[in-house]
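# What the coordinates show
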Amino acid sequence: GRVAELTDKWQPYTLALTASATAAQARLVIDADGQGTLWLDMVSLLPKETWKNHGLRPDLCNLLAGLKPAFVRFPGGCWVEGNDLAHSYRWKETVGDVAHRKPLYNIWQYQATHGLGYHEYLQMCEDLGAEPLFVINCGMSHTQVVPMDQMGPLIQDALDAIEYANGPAESVWGGLRARNGHPEPFHLRLME
C-alpha cells in the first residue's frame, strides 16, 4: 500500500494491504520518500475479517472457542498490579478508540497498546459463551500498597467497571459502553 501524499497535519491514514505469499517471519516496513521528518503514533495490522466482527483474530479466537471455556479471567495478577501503582492496570484507559488509549509500560518491559481492552474482553466472553472473571486492582503493586484510607478511587473504579458492563445505556459508564457499540448490558455477574 502507498499513501500518495503526506501533509504537515497530524491525521490518521488507513491502508488495505494484501499479502502475496505466506511467510512465518514476515515484517512490516514503513518507508518514506523525500525529505523531512515522519512521525508515527499508532500502527496496527488487523485482518479485514475478524472473529464475529468484533476486532479479534479469527485463528486465535477459534482455537480459544474450541477449548469451550466456562470462564475467562482477565487481566492477570501481575498485569493488574504493575511494578508500581503508576504502572498498574486501569480499565478506563482501555476503552474507546484504540488509537487514543493510554499505553502501559509493564513489568515485561514493553509498551502495551490495550488493543484488547475491557470492552473487547467482555465482548469476547459474550461471544465465547464464557463467564467473564474480571480482575480489579485491590490497592497493591509489586512494590507499593495503598493505605486503607486512600482506597476510595480504587473502589470507585470497581463500581464504574460494573456500571460499564451492566449499567443502562442512560448511565455514565453504560452510555460509554453503548457508544462503544454494545447498547445492551454485558451481564457481568458479581461474585459474593
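It should be noted that the structure appears before, not after, this text.
Residues numbered from 1 in each chain as written. Predicted model: local features only at pLDDT ≥ 70, side-chain atom pairs only at ≥ 80, totals over all residues. Heavy atoms only, no water.

The next point concerns the overall build of the protein. Scanning the protein for helices and strands turns up 5 helices and 4 strands. Seen in sequence order, the protein has helices and strands lined up from the N terminus as α-β-α-β-β-α-β-α-α. The buried share of the protein, reckoned over its 192 residues, is 31%. Once local pairs closer than 6 in sequence are excluded, the contacts in the protein between residues at least 24 apart make up 53%. With the model as given, the accessible surface of the protein reaches about 13,600 Å², and the carbon-plus-sulfur share is 55%. With 15 positive and 22 negative side-chain charges, the protein shows a spacing of 4 Å between the two charge centroids. (Helix = DSSP H or I, 4+ residues; strand = E, 2+ residues; numbered from the N terminus. Buried < 20%, exposed > 50% of the residue type's maximum accessible area, 1.4 Å probe, protein only. Contact = heavy atoms within 4.5 Å. Areas by Shrake-Rupley, 256 points an atom, 1.4 Å probe, with all protein chains shown as cover. Lys, Arg positive; Asp, Glu negative; His and termini not counted. Charge placed at Lys NZ, Arg CZ, Asp CG, Glu CD.)

If you walk through the whole model with that rule in mind, you get 10 aromatic pairs. Plain terms: the ring middles of F74 and Y89 are 6.2 Å apart, the flat faces sit at 85 degrees to each other, and that makes the pair edge-to-face. On the criterion of sequence distance, the pair formed by F74 in strand β1 (residues 71-74) and Y89 in the loop between α2 (77-81) and β2 (104-105) is long-range, its members being 15 residues apart. Taking the relative accessible area as the measure of exposure, F74 reaches 13% and is therefore buried. Classification of Y89 by relative accessible area gives buried; the value is 5%. Ring centres of Y118 and F134 lie 4.3 Å apart, and the angle between their planes is 45 degrees; on these two criteria the pair is classed as tilted. Of the two residues, Y118 sits in helix α3 (residues 118-128) while F134 sits in strand β4 (residues 131-134), which places them 16 residues apart along the sequence. Take Y118 and F134: they sit in the same class, and that class is buried. Taken together, the aromatic side chains of F74, Y89, W91, Y118, Y121, F134, Y164 and W173 make up a single cluster linked through ring pairs. (Phe/Tyr/Trp six-rings, centres within 6.5 Å; stacked < 30°, edge-to-face > 60°.)

Throughout the structure, instances matching the rule amount to 7 salt bridges. Ionic pairing is found between K102 and E93, a salt bridge with its closest N-O pair at 3.9 Å. For K102, a relative accessible area of 49% translates into the label partly exposed. Taking the relative accessible area as the measure of exposure, E93 reaches 29% and is therefore partly exposed. As a salt-bridge pair, E120 and R101 come within 2.7 Å of each other at their nearest N and O atoms. Placement of the pair is E120 in helix α3 and R101 in the loop between α2 and β2, with a sequence separation of 19 residues. Judged by relative accessible area, E120 falls into the buried class, the value being 14%. Judged by its relative accessible area of 7%, R101 falls in the buried class. (Salt bridge = Lys/Arg side-chain N within 4 Å of Asp/Glu carboxyl O.)

Contact geometry of helix α4 (residues 152-166) with helix α5 (residues 172-179) gives a least axis separation of 7 Å together with a crossing angle of 45 degrees. Taken together, the axes of α4 and α5 are oblique relative to one another. Note on packing geometry: the crossing formed by α4 with α5 is right-handed. On the side of α4, the interface is formed by D160, E163, Y164, A165 and N166, while α5 contributes V172, W173, G174, L176 and R177. (Axes fitted to C-alpha atoms, helices over the stretch in contact; angles between N-to-C directions. Parallel < 35°, antiparallel > 145°, perpendicular 65-115°, else oblique. Left-handed = near helix turned anticlockwise from the far one by under 90°.)

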